[in-house]
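Observations on chain architecture
Residue strings, one per chain:
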Amino acid sequence: MAVASNTNLTIVPSPNMVKSFYGLTYTPQYAQYPRCGVSLGDVVEDLKVLSQLTTRVRLYGMDCDQVNLMREAIKLLKIDVSLVLTVWFDNNHATYARQLAALWDTIDKYGATGIIGISVGNEALFRKQVTPQELAQRMNSVRANLTSRDIKSIPVYTTDLAENFDSTIMQASDASLGNIHPYFAGVAVAEAPNWTWSYYQKTIGANSGKPAIISETGWPSQGASHGSATPSVDNLQSYLDNF
């Protein structure tokens with residue numbers, strides 16, 4: 001995997017950026033099947049920015065070689081960034097097979113170092129593309145495959161709307177990662193931070209015994225209003241600051 005000869009591997013620190021986020025979710029441009037066109041140079045440039053904001057990045061899928069590109073870019077830039085990988089799937093079994101093949105490819109090529117979690121699906125329960133029992137079986141299968149490779153350090157779970165974590169999903173998960181968005185609930189930005197924390201506490205936060213993490217939250221900078229929730233850059237900043 002080669003990087004273009006004109007690619008600059010020097011990170012110039014920006015005075016406007018600090019490591020202020022526990023983690024960020026990210027998909028490289030042109031890394032969504034079948035429109036695969038992302039290059040190693042593209043990922044290098046994105047990581048120059050992301051690495052100044054966080055030490056953890058969650059990817060939404062495995063397609064278009066994006067995980068191997070990320071891991072190669074991390075190595076080239078010599079940065080401290082860990083990855084949560086997502087085996088994304090829909091109603092097409094070929095999608096799941098393709099994503100799983102990419103997962104085992106990156107494990108076999110690069111090992112387990114730098115991977116801090118594997119999410120089997122993202123909001124698949126919300127989209128009604130899988131039952132809790134089927135999803136639990138898929139999580140257990142991925143965990144068993146890791147164990148067969150003598151890898152026991154990577155937690156396996158799913159990411160979904162926080163209210164979708166029932167006892168079946170919790171039992172099969174090493175952690176509960178819930179997506180919580182006050183914007184989609186139509187909550188005004190002034191109330192959104194407290195609403196998010198309260199919602200976390202009564203859903204995934206109420207499940208004791210396993211780590212509970214908000215896997216997605218945020219605020220849109222543009223678009224249509226949703227109830228009392230109004231997108232804008234100022235509201236985005238307000239939500240992040242107050243949360």
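Our structure is the block above this text.
All residue numbers here refer to positions counted from 1 along the written sequence of the relevant chain. Note on the predicted model: pLDDT of at least 70 is required for a residue's local features to be given, and 80 or more for side-chain atom pairs to be given and counted; whole-chain, interface and lining totals, by contrast, use all residues. Side-chain metrics rest on all non-hydrogen atoms present in the structure, leaving aside hydrogens and water.

**Concerning the overall build of the protein**
Just so we agree on the cut-off: Under the DSSP-based scheme used, a helix requires at least four consecutive residues in state H or I and a strand at least two consecutive residues in state E, with every element numbered from the N terminus. In this description the radius of gyration comes from C-alpha coordinates, and the expected globular size is given by 2.2 Å times residues to the power 0.38. Buried residues are those whose accessible area, probed at 1.4 Å on protein chains only, stays under 20% of the maximum for their type, while exposed residues exceed 50% and partly exposed ones sit between those limits. Any two residues whose heavy atoms approach within 4.5 Å at even a single point are treated as in contact. To be clear on the numbers: accessible area is Shrake-Rupley with a 1.4 Å probe, and residue cover counts the displayed protein chains and nothing else. When charges are tallied, Lys and Arg are placed among the positive residues and Asp and Glu among the negative ones, while His and the ends of the chain are skipped. For the purpose of locating charges, the reference atoms are NZ of Lys, CZ of Arg, CG of Asp and CD of Glu.
Each helix and strand in the protein was counted, giving seven helices and nine strands. Scaling as 2.2 N^0.38, a compact globule of 243 residues should have a C-alpha radius of gyration of about 18 Å, and the protein matches this with 18 Å. Considering only C-alpha atoms, the protein reaches an extent of 50 × 45 × 35 Å along its principal axes. Within the span of the protein, comprising 243 residues, buried residues form 45% of the whole. Taking contacts inside the protein between residues at least 6 apart in sequence as the whole, the part at least 24 apart equals 73%. In the structure as shown, the protein presents an accessible area of about 12300 Å², 50% of it carried by carbon and sulfur atoms. Separation of charge centres in the protein, based on 18 positive and 21 negative side chains, amounts to 5 Å.

**As for the packing of aromatic side chains**
Heads up, the condition is: Side-chain rings of Phe, Tyr and Trp, where Trp is taken by its six-membered ring, are said to pair if the distance between their centres is within 6.5 Å; with planes under 30 degrees apart they count as stacked, over 60 as edge-to-face, and otherwise as tilted.
All chains considered together, the criterion is met by seven aromatic pairs. Taking the centre distance of 5.1 Å and the plane angle of 65 degrees together, the rings of Y183 and F184 count as edge-to-face. Look at Y183 and you get buried, because its relative accessible area is 12%. The exposed category is assigned to F184, whose relative accessible area is 56%. Geometrically, the ring pair formed by W219 and Y239 is tilted, given 5.9 Å between the ring centres and 35 degrees between the ring planes. Placement of W219 in the loop between β9 (212-216) and α7 (233-242) and of Y239 in helix α7 is noted, with a sequence separation of 20 residues between them. Among the residues examined, W219 registers a relative accessible area of 6% and is labelled buried.

**Observations concerning the side chain of R71**
For clarity, the threshold we go by: Any Lys or Arg side-chain nitrogen located within 4 Å of an Asp or Glu carboxyl oxygen qualifies as a salt bridge. In the analysis that follows, any N or O atom pair within 3.5 Å is treated as a polar contact, provided that within protein one partner can donate a hydrogen and the other can accept it, and provided that, for residues neighboring in sequence, both atoms belong to side chains.
With respect to the secondary-structure elements, R71 resides in helix α2 (residues 66-77). One buried charge, R71, has no salt-bridge partner; the nearest side chain with opposite charge is D105, at 8.5 Å. Among the polar contacts made by the side chain of R71, one reaches the main-chain carbonyl oxygen of T106 at a distance of 3.1 Å. Once residues within four sequence positions are removed from consideration, R71 is found in contact with L83, T106, I107, Y110, G111, A112, T113 and I115.

**Topic: the packing of α2 against helix α3 (residues 93-110)**
Cut-off, in case you're wondering: Note on geometry: axes are lines fitted to C-alpha atoms, helical ones only across the stretch in contact, with angles between N-to-C directions running from 0 to 180 degrees. Roughly parallel here means an angle under 35 degrees, roughly antiparallel means over 145, roughly perpendicular means 65 to 115, and every remaining angle is called oblique. For a crossing to be left-handed, the near helix must be turned anticlockwise from the far one by less than a right angle; the clockwise case is right-handed. Gly is placed with the polar residues, together with every amino acid not listed as nonpolar (Ala, Val, Leu, Ile, Met, Phe, Trp, Tyr, Cys and Pro) or charged (Asp, Glu, Lys and Arg).
Relative orientation of the contacting elements α2 and α3 amounts to 25 degrees, with a least axis distance of 9 Å. When the axis of α2 is compared with that of α3, the two are roughly parallel. α2 and α3 meet at a crossing whose hand is right-handed. Each of V67, N68, R71 and E72 in α2 lies in contact with α3, whose residues at this interface are D105, T106, I107, K109 and Y110. Broken down by class, the residue content of the contact of α2 with α3 amounts to three nonpolar, two polar and four charged.

**Description of the sheet that holds strand β5 (residues 82-87)**
Heads up, the condition is: Two strands are said to pair when DSSP picks up at least two bridges between them.
Pairing within the open sheet is parallel, and its seven strands lie in the order β1-β4-β5-β6-β7-β8-β9. Looking at which strands have only one partner, the edges of the open sheet turn out to be β1 (24-26) and β9. When the angles between neighbouring strand axes are averaged without regard to direction, this sheet yields 30 degrees. Two elements, strand β4 (residues 56-59) and β5, share three bridges in a ladder whose sense is parallel.

**So, helix α1 (residues 40-50)**
Among all positions of α1, only L40, G41, V43, V44, L47, K48 and L50 are buried. Lining the buried residues of α1 we find β1 and α2.

**Some words on the state of the cysteines**
Short version of the rule: Two cysteine sulfurs form what is called a disulfide whenever their separation falls within 2.5 Å.
For the structure on display, the rule yields one disulfide. Across a sulfur-sulfur distance of 2.0 Å, C36 and C64 are joined as a disulfide pair. Given an S-S torsion of about -65 degrees, the disulfide between C36 and C64 has left-handed geometry. Separated by 28 residues along the polypeptide, C36 in strand β3 (residues 35-36) and C64 in the loop between β4 and α2 bring together distant segments of the chain.

**Regarding the environment of I213**
Looking at where I213 falls in the secondary structure, it is placed in strand β9. Note: C-alpha distance between I213 and A190 (23 residues apart in sequence) is 23 Å. In this view, I213 contacts S176, L177, G178, Y200 and I204; residues no more than four positions away in its chain are not counted.

**Side note on the pairing of strand β7 (residues 156-161)**
Spelled out, the test is: Handedness rule for crossovers: strands pointing away from the viewer, path from the first strand over the helix to the second running clockwise, crossover right-handed.
For β7, the tally of buried residues reaches six of six residues, placing the bulk of the element in the interior. Note: strand β6 (residues 115-122) against β7, three bridges, orientation parallel. Bridge pairing links S119 to Y157 in β7. In this fold, β6 hands off to helix α4 (residues 132-148), which returns the chain to β7; that crossover is right-handed.

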